[in-house]
Amino acid sequence: MFDFRIPIRDWVSDAVRFLQLRFAPLFDAFSDGVEAVIGSLLSGFEWLPVLVLILLLAGITTLLGGWRIGLFALLGLLLVENIGLWQPFLQTLALVVTAQLLIVLVGLPLGVLAASSDGVERVLRPVLDFMQTMPAFVYLIPAVMFFGIGLVPGVVATFVFAIPPLVRLVNLGIRQVPVALVEAADAFGSTAWQRLVKVEMPVARPSIMAGLNQSIMLNLSMVVIAGMIGARGLGAEVLRGIQRLNVGQGFEAGLAVVILAIVLDRVTAAFGRSRGEQADR
Amino acid sequence: MTIVEQPPPAASAARPTKLAVRDLYKVFGPNPARAVALLEAGASKRAVQDELGLAVGVADVSLDIKAGETFVLMGLSGSGKSTLLRLLNRLHEPTSGSITVDDVEITGLSRNELLRVRREKFSGMVFQQFAVLPHRTVAANVAYGLEVQGVREAERRERSLAAIELVGLSGWESHYPHQLSGGMQQRVGLARALAVDADILLMDEAFSALDPLIRREMQDELLELQSRVNKTIVFVTHDLDEALKLGDRIAIMNAARVVQVGTPENLITAPADDYVRAFVDGVDRTGILTASAIMQPVKETAHVRDGPRTALTKMRRSGLSGILVVDSERRPKGYVTSQRIIESLGGDGAAGEHLDADLLEDATTVDGDTPLMDVITLASEGAVPIAVTDAGGRLRGVVVRGAILAALARPPNGQDTGTTAAQPAAHAPAGRVGHESGGGERV
């Protein structure tokens, strides 16, 4: 239609290249940091005897989510070990935990900020929409450009993909705290911080936990994709099965992902119920 | 003739001012200054809404709230009463005007200074929706105000337990709000405020969400509590009966402005305009009006040292069939009827020098603050006329049957003021009043 074409692709490519050159030390430092976290988690996991670790994980699950899901975790983990996916399972777990740490570290304050200011919320909303709807592969590539092949770009891509629901639900939850409760906090002379941690966050807790839960689920679903850019773990196993057209192998790896997903989901969902409810039930 | 004076508005006149509000305006929306200018020129809330599209919360309010009084802000929804309450501790920022608490002007304070004033001067706030924290136990809720002040754990516990006991919730400390009824939740809200133990207690429609029985119970308890803790309470309500019951003074608000401030009695006997009159028309007056509001001037009294003939002469002159006998301090000593004197004179003709005790009947005496309800009870037992005395026991007026009936009837439009509630009866021919007040009808 026109001779002229808006060079979006050139802009983005230039920007990525510019960032890559200009902030290389920063990306390297970040990369090292993430790697260190994943590495120490992994070596911690691997230092423990397999059975002890399985019992420990099942125990934690029982404590947080009740004996039903605890039993499920125990059987599920034994199964994963049995089909020879223990090592990739641990790698995935380390990846998920690291990514989730990052998500909470950034997402929670961002959500609180968005709740406290209409301006921030207005700016943040389209950014979150963008992050959630942009096909994951599109930022997988720049992630690789910035951080190289391996676990770190996997964590970054997961972060981008899984942080929006947490920010949204923290924002929503805090905004839905009844006006009277906020006024009560203020009337008694609370500082903004006291109001946040003593009133707003606890009251918004179900919503915040729902956000956490959703971001963990998205986090997990991204793990498979991260396998394509060299993040080891269950994702890589799934990929290997697909590449070899070995449906069985792909299914086994997928099953391990599902087991992890169910356990994490139930545990965080149980966490979401308020303390008052738990005391009553 | 004794001059009847309107009693000073309760004892509050002597109390120091706790909260002073001057020329306070609150306009919601952008660019409120123009709205304030319009309002200052006398524009109505409606006019500002139409012209500028801005919502007026409070316009041109000046009040002095005294230490230790229960001050009620009363009006229909949208009248600005809750907004005014929230301006007092700056939950809402005033658009213009000043608020002074104990000589500290809080309108100019920085954020941190404001926090301190909220902690030290205000006992937080009690809300219509209770606003108890759902994730905290009763004890932890009550301790909230102390917790944000950084009070030590042990003291916090002690003070919150005391407050819980004060509102009658002992034994419920470790329960969660959702396990409590509405009334109990509001007790938690009240205890939370009392635990802080600052001078000023703000209550926003605190009992409006409770069902009528619980509500009355809470009102009674608040009155009882107030007599013990003696806070300065600012209480918002849309319920006139509640306002009259709780308030030492009441400010009636309409369309963002205060239309009248006064004691319950003032409002009922002298409504400032049709709006207030419409409000107070249907009120049960017997609990609010007092003996001094319906008493009439005493036409004539006899002195204890007067002779029986002198007393009789005085009665004849004033057209009375009975007369109150006072001592030199004007303290009522008794009541004597003309019939009784004539009988005693008729016997042997040798009347005593003075009005002897055997001539006198006891005079029924009430304090000026006695509610009309009690006066009616006395009157129905036959004690008419009833002498009304001041704090020193001196005679200030007299209540006759006609005055009670006149007070119970609706006052004629706008005619009456506090001092003249009993006027229709007072205008009646003296003789008739005298007969009514005479002993003839006494059983």
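To be clear, the structure that these remarks concern was listed above.
No experiment lies behind these values; they were computed from the predicted model shown. (Residues numbered from 1 in each chain as written. Chains lettered and ligands numbered in written order. Predicted model: local features only at pLDDT ≥ 70, side-chain atom pairs only at ≥ 80, totals over all residues.)

Another aspect to go through is the overall build of chain A. Per the secondary structure count, chain A includes 14 helices and zero strands. In chain A, the succession of α and β elements from N to C terminus is α-α-α-α-α-α-α-α-α-α-α-α-α-α. In terms of overall dimensions, chain A has a C-alpha envelope of 65 × 65 × 40 Å along the principal axes. The 281 residues of chain A split such that 39% are buried. In chain A, the share of contacts with a sequence separation of at least 24, taken over all contacts with a separation of at least 6, comes to 75%. (Helix = DSSP H or I, 4+ residues; strand = E, 2+ residues; numbered from the N terminus. Buried ≥ 20, exposed ≤ 12 C-beta atoms within 10 Å, placed from the backbone. Contact = placed C-beta atoms within 7 Å.)

Residue and element names in this part refer to chain B. Residues Ala191, Val234, Ile294, Leu324 and Val399 are the most contacted members of the largest nonpolar core, which totals 191 residues. Looking at this core, you find at least three residues from each of domain 1 (65-96 + 103-284) and domain 2 (291-441). When neighbours within four sequence positions are excluded, Leu324 is seen to be in contact with Val298, Thr301, Pro332, Tyr335, Ala363, Ala387, Leu395 and Val398. (Core = buried A, V, L, I, M, F, W, Y, C linked by C-beta atoms within 7 Å. Domains from an automatic or database assignment.)

A common way to report how large an interface is uses the accessible area buried once the components associate. Each partner contributes to the interface: chain A provides 20 residues, whereas chain B provides 22 residues. Within the residue set of the side of chain A that touches chain B, elements represented by two or more residues are α9 (179-187), α10 (192-203) and α14 (275-280) of chain A. It is α9(A) that contributes the most residues to the side of chain A that touches chain B, six residues altogether. Considering only residue class, the side of chain A that touches chain B consists of 10 nonpolar, six polar and four charged. (Nonpolar A, V, L, I, M, F, W, Y, C, P; charged D, E, K, R; others polar.)

Moving on, we come to the sheet that holds strand β13 (residues 332-337) of chain B. The pairing of strands in a sheet comes from backbone hydrogen bonds and takes either a parallel or an antiparallel form. All names here are of chain B. If you walk across this open sheet you meet the three strands as β11-β12-β13, and the pairing is mixed. Only two strands of the sheet have a single neighbouring strand rather than two, namely β11 (301-303) and β13. With strand direction ignored, the average angle separating the axes of adjacent strands in the sheet is 35 degrees. Sheet topology places β11 next to strand β12 (residues 322-326); three bridges connect them, and they run parallel. (Pairing = 2+ DSSP bridges. Axes fitted to C-alpha atoms, helices over the stretch in contact; angles between N-to-C directions.)

Residue and element names in this part refer to chain B. The interhelical angle for the contact between helix α7 (residues 153-166) and helix α8 (residues 182-196), taken along N-to-C directions, is 130 degrees, at an axis separation of 8 Å. Taken together, the axes of α7 and α8 are oblique relative to one another. Note that α7 runs across α8; the crossing there is right-handed. For the pair α7 and α8, contact is made by Arg159, Ser160, Ala163, Ile164 and Leu166 and by Ala191, Leu194 and Ala195, respectively. Looking at side-chain class alone, the contact of α7 with α8 contains six nonpolar, one polar and one charged residues. (Parallel < 35°, antiparallel > 145°, perpendicular 65-115°, else oblique. Left-handed = near helix turned anticlockwise from the far one by under 90°.)

Right, let's talk about the sheet that holds strand β3 (residues 70-74) of chain B for a bit. Residues and elements named next belong to chain B. Strand order across the open sheet formed by six strands is β6-β7-β8-β3-β9-β10, with mixed pairing between neighbours. Because the sheet does not close on itself, it has two edges, and the strands there are β6 (122-126) and β10 (257-262). Ignoring which end each strand starts from, the neighbouring axes of this sheet average 15 degrees apart. Here β6 pairs with strand β7 (residues 200-204) via three bridges, running parallel. If you follow Val126 over to β7, its bridge partner there is Met203. Across the face of the sheet, α8 comes into contact with β6 and β7 while running at roughly 175 degrees to β6.

The next subject is the packing of helix α5 (residues 86-116) of chain A against helix α11 (residues 205-226) of chain A. Residue and element names in this part refer to chain A. Between α5 and α11, whose axes approach to 10 Å, the crossing angle comes to 135 degrees. What the angle tells us is that α5 and α11 run oblique. Crossing of α5 over α11 shows right-handed handedness. Contacts between α5 and α11 pair Thr92, Leu95, Val96, Ala99, Gln100, Ile103 and Gly107 from the former with Ser215, Ile216, Asn219, Leu220 and Val223 from the latter.

Below, the discussion takes up helix α3 (residues 50-65) of chain A. Across its 16 residues, α3(A) extends 22 Å between first and last C-alpha, which sits within 8% of the 22 Å expected from 1.5 Å per residue. Residue Gly66(A) follows α3(A) closely and has a positive phi angle near 100 degrees. (Expected span 1.5 Å × (residues − 1).)

Moving on, we come to the environment of Ser82(B). Residues and elements named next belong to chain B. Positionally, Ser82 belongs in helix α3 (residues 81-88). Taking the number of C-beta atoms within 10 Å as the measure of exposure, Ser82 has 23 and is therefore buried. The sequence separation of Ser82 and Leu378 amounts to 296 residues, and the corresponding C-alpha distance is 41 Å. Beyond its immediate chain neighbours, meaning those up to four positions away, Ser82 contacts Asp204 and Val236.

All names here are of chain B. In the Ramachandran plot, Asp23 falls in the positive-phi region, its phi being about 45 degrees despite a non-glycine side chain. Within the element layout of this structure, Asp23 appears in strand β1 (residues 17-28). In this structure Asp23 comes out as partly exposed when scored by C-beta crowding, with 14 C-beta atoms within 10 Å. Positive phi, close to 60 degrees, is recorded for Asn31, a residue that is not glycine. The residue Asn31 is located in the loop between β1 and α1 (32-40) in this model. On the basis of neighbour counts, which here come to 9 C-beta atoms within 10 Å, the residue Asn31 falls in the exposed class.

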